[in-house]
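Listed below, chain by chain, are the residues.
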Amino acid sequence: MRVALFITCVNDTLFPGTGQAVVTLLRRLGVDVDFPPAQTCCGQMHVNTGYPKEGGRLARQFMDVFAGYEAVVIPSGSCAAMVREQYPRLIGAAIGNAPDTSCDPKVYELSEFLVDVLGVVDVGAYFPHWVTYHPTCHSLRGLRLGDRPRKLLENVRGLELVPLPGAEECCGFGGTFAVKNKDVSAAMCADKVGNVLSTGAEVLCAADNSCLMHIGGTLRRQKSGIRVMHLAEILATTEGGR
Amino acid sequence: MSKTFVGMPAFPKNAAKAVQDSQLRFNLRKATRTIRNKRALVVGELADWPGLRQAGKAIKDHTLRNLDRYLIQLEEAVTAAGGHVHWAKDAAEANRIVADLVKATGETEVVKVKSMATQEIGLNEALEAEGITAYETDLAELIVQLGDDWPSHILVPAIHRNRAEIREIFLDKMPDAPPGLTDEPRALAEAARLHLRERFLRAKVAISGANFMIAETGTLVVLESEGNGRMCLTLPRTLISVVGIEKLLPTWRDLEVFLQLLPRSSTGERMNPYTSTWAGATEGQDFHLVLLDNGRTGVLADEVGRQALRCIRCSACLNVCPVYERTGGHAYGSVYPGPIGAILTPQLRGMSTELDRSLPFASSLCGACYEVCPVAIDIPTVLVELRAKARHPRAERLGMAAAGWVFTRSVRLARAQRFGGRMRRLVPKRLPGPMSAWTDTRDIPDIPRESFRAWWDRTEGGTR
Amino acid sequence: MTSRDTILGRIRAAVAGAPDVEIPRDYHGPIFPEGPADASLIEHFAERVRDYRATVHIVPADEVPAAIQAALSARQADRVIVPEGAPAEWPPGTAGESLTPAQLDEMDGVVTTCAVAVAETGTIVLDGGPGMGRRALTLVPDYHLCVVMAEQIVPGVPDAVARLDPVRPLTWISGPSATSDIELNRVEGVHGPRTLEVIIAT
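Residues numbered from 1 in each chain as written. Chains lettered and ligands numbered in written order. Predicted model: local features only at pLDDT ≥ 70, side-chain atom pairs only at ≥ 80, totals over all residues. Heavy atoms only, no water.

A. Representation of the overall build of chain A in the model. Secondary structure assignment for chain A yields 12 helices and eight strands. The C-alpha atoms of chain A give a radius of gyration of 17 Å, which matches the 18 Å a tight globule of 242 residues would have. For chain A, the spread of C-alpha atoms along the principal axes amounts to about 45 × 45 × 30 Å. Within chain A, the fraction of its 242 residues that count as buried is 61%. Put simply, of all contacts in chain A between residues at least 6 apart along the chain, 77% involve residues at least 24 apart. If you sum the accessible surface of chain A, you get close to 8300 Å²; carbon and sulfur atoms cover 52% of it. Here chain A contributes 23 positive and 24 negative side-chain charges, whose respective centroids are spaced 5 Å apart. (Helix = DSSP H or I, 4+ residues; strand = E, 2+ residues; numbered from the N terminus. Rg over C-alpha atoms; globule rule 2.2 N^0.38 Å. Buried < 20%, exposed > 50% of the residue type's maximum accessible area, 1.4 Å probe, protein only. Contact = heavy atoms within 4.5 Å. Areas by Shrake-Rupley, 256 points an atom, 1.4 Å probe, with all protein chains shown as cover. Lys, Arg positive; Asp, Glu negative; His and termini not counted. Charge placed at Lys NZ, Arg CZ, Asp CG, Glu CD.)

The following block contains the structure:
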């Protein structure tokens, strides 16, 4: 099976390790991964900040770049939600697995692709740590990932999954919200961080590096010693190293 | 809208102040969490909730699409039942109509049932200017009125006050408050009962809003808890109801949907203690219905934004909103706070002030509001739509244009990444200018030496 | 141009060309149960009314007068309103039609029939029919005793809506008056009757 990877601008620029983990993981599961180099950004930041013209241009660019592919895998809940939920209204794009359509490309967040398309929940990973999982808003309420990430994590050998209190509450990132309404954003993050600390976990995991950048940035400022890791990075780790 | 909010600063500034108020944070957190759980419990009891929600949404959309026809039908039904129907295109006209109706009765006092529409038009202040005193009778409205305060929640306007503060207000401002008043909610409710009893029994004119109006039958519907609504709707000789034109439902049958959606979403009860319905002049009363536009037809003209008119004012969106929970309602500078206020206020008032322009940005777009909305208003989508209409700051426009330019060609992005990679050691811990908003409370991630695409190029997708 | 014309004109301009919407009714509508309510429906209703902290008695129909008398005696309610049209075998009371609000406030309580009762929500509905009287009668006195015939109990809200006449003034009552305005905690007893007692006649 040959799929295209949409790495997202944030992962591409700031978190290349996540992208490498996705490639490692998918190859291990027998998937042929392609990286169309003309890709850049899905346009979410522009659209959600009130710049639909610029965002629309990026959306059309995305559709051109991925036109020939059957499936696009995106290691970010919010970017996947942007493409699948917002493109149809924004530029009239036909996304294969958006409601009421059936065409290519189909767009999947990583855990959806693993569980729904490949049909695996045990990806052969090994990660002997206490981990808590933050479901992130767009994964939870936009894509409705449900318990897919939890199933994947539960099948990681050595991993102890600790429930996160108030998990479904927003961390306060919200893209430019974090800057435009910094005080509310910080107050929301303080509560999220408090909940993360209360779990005693060593690692906070999520399917979105933007939220992790926000929570992780606060955790680091507080010198909490808790690491944040993208879901892909945990799933890519095996007993003998990658 | 009520003039008290004129000249308020933008949302982020109000919010910054509010999040520092630990008493407010505590009160809000406690109250919103209580109601959130109650709502979840009673909504979970109904297996057909998603069906009710879709029906509620569609009934409202169908009504809005045919609003002219249904308003005329309502007018005919109310008139046939002995009521009088008045049309007000804006707040000033509605206030004028009500003031004239009250004056015609010769009375100088009116009792009021809690109503968002009359708050929106600043009716109490307008009546006061005409020498008419309006007494709020809902407990929370009474707390707000006595405390010379602003409402901060649609359902519970005094949600920002805890029992101790309410006791203080009562002892301070209520002449007949019992001297040994405790802060037990039961004692506080009892004090309000005694305070308002005489006023109810002698009131000659009452002013209400309505939760629903039935076009087919001319029936008005008011849901309430305390019985102050029944007192106002039943005892006085003259009843004046001021109702937004979007509060219409086509048929009596439609209530079977909304009498399930509203109480469970609003107070988290299977049913609110009292619901009154009446058609036209009832039991010998004079009945006047004032139909209010006040910007609603403008909202109706917006294809995306018009869904805000489905709102049944349950306030479930406020109770789940992480932003509202931390800022309270005052920061929104409107009688409509929270997520619904963030899409309703800028549409009703326009976006000419800094405050109104800032409201669509008062959300992290987490989507919790949409999920609980009983009429499925896609609040995040409307917020994004309104953000596109707002005038943006110049620095932001330039930044967004630059980012857009970089993202339009992957070679530009790659070049920017290479530049960032070379500068990675020079990035300060605290960023200057607008980006300091990020580094005030968070570290920025380490800039990697090599971007993903550079790694892919160099290693041919990790194969070398 | 009148404001009426202005508003209607604005509406027509605003929605011109917008598609109309079909209303899906994919929820539990009225059931229209045949015959008298079964014991489980009665128990469901009773349990839901008790949830609002109202007192509920379930008695055979012929024992209703005695049950009313017992309830009134227990409260030492002497000055009682029994609206016109109430069953003749009920204990006597004032019809109350001509009483002013202040006079109603002097009364110890009111005993009424009802038009319909909803099990799912523990609601009783009054429509001003025989034995219910005008709306103020069940509002001003501090105590309301309501007699519900088993056959008046319907399963859900849609059944009640279908049975009621929208032109009559209706009062839907779910428990005693209450408020959640202080820290969103429910407290029973504000302006309406602070005590609601229900007798279900089987």
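There's more to say after this.
B. Region of the structure containing the domain arrangement of chain B. As far as domains go, chain B holds domain 1 (3-297) and domain 2 (406-459). Computed from C-alpha atoms alone, the centre-to-centre distance between domain 1 of chain B and domain 2 of chain B is 52 Å. (Domains from an automatic or database assignment.)

C. Structural detail: the side chain of B:N124. By secondary structure assignment, the location of B:N124 is in helix α7 (residues 123-129). Ignoring any residue separated from it by four or fewer positions in sequence, one finds B:N124 in contact with B:K112, B:A134, B:E136 and B:Q145.

D. Spotlight on helix α5 (residues 91-105) of chain B. All names here are of chain B. Between its terminal C-alpha atoms α5 stretches 22 Å, which fits the 21 Å expected from 15 residues at 1.5 Å a residue. Among the residues of α5, those classed as buried are A91, E93, A94, N95, I97, V98, A99, L101 and V102. G106 lies just past α5 and shows a positive phi near 80°. (Expected span 1.5 Å × (residues − 1).)

E. Region of the structure containing the sheet that holds strand β6 (residues 160-162) of chain A. Residues and elements named next belong to chain A. The sheet built from four strands is open, its strands ordered β6-β5-β7-β8 with parallel pairing. The outermost strands of the open sheet, each flanked by one partner alone, are β6 and β8 (227-230). For this sheet the average axis-to-axis angle between neighbouring strands, irrespective of direction, equals 35°. Judged from the three bridges that link them, strand β5 (residues 130-133) and β6 form a sheet pairing that is parallel. Paired with V131 across the strands is L161, a residue of β6. (Pairing = 2+ DSSP bridges. Axes fitted to C-alpha atoms, helices over the stretch in contact; angles between N-to-C directions.)

F. Spatial organisation of helix α5 (residues 77-91) of chain A. All names here are of chain A. Here α5 contains 15 residues, and its C-alpha end-to-end distance of 20 Å stays within 8% of the 21 Å for a straight helix at 1.5 Å per residue. Maximum bend of α5: about 40°, positioned at E85, with proline P88 one to four residues after it. Among all positions of α5, only G77, S78, C79, A80, A81, M82, V83, R84, Q86 and Y87 are buried. Count one or two residues on from α5 and you reach G92, which has phi positive near 70°. (Bend = angle between axes of the 7 residues up to and from the residue.)

G. View of the pairing of strand β7 (residues 238-244) of chain B. All names here are of chain B. The buried fraction of β7 is high, at seven of seven residues. Sheet analysis places strand β4 (residues 205-208) next to β7, joined by four bridges and oriented parallel. Each residue of the ladder has a partner; that of I207, found in β7, is I240. Examined bridge by bridge, β7 and strand β10 (residues 286-292) share seven bridges and lie parallel to one another. If you follow G244 over to β10, its bridge partner there is L292.

H. Just the packing of aromatic side chains, in detail. All names here are of chain B. Per the stated rule, a full pass over the model turns up 16 aromatic pairs over all chains. Here the aromatic rings of F11 and Y332 are separated by 4.8 Å at their centres, their planes lie at 55°, and the arrangement is tilted. Placement of the pair is F11 in helix α1 (residues 11-19) and Y332 in the loop between α15 (322-327) and α16 (338-349), with a sequence separation of 321 residues. The pair F11 / Y332 is uniform in exposure class, with both members buried. Geometrically, the ring pair formed by F452 and W456 is tilted, given 6.1 Å between the ring centres and 40° between the ring planes. Placement of both F452 and W456 in helix α23 (residues 452-459) is noted, with a separation of four residues, approximately one turn of the helix. (Phe/Tyr/Trp six-rings, centres within 6.5 Å; stacked < 30°, edge-to-face > 60°.)

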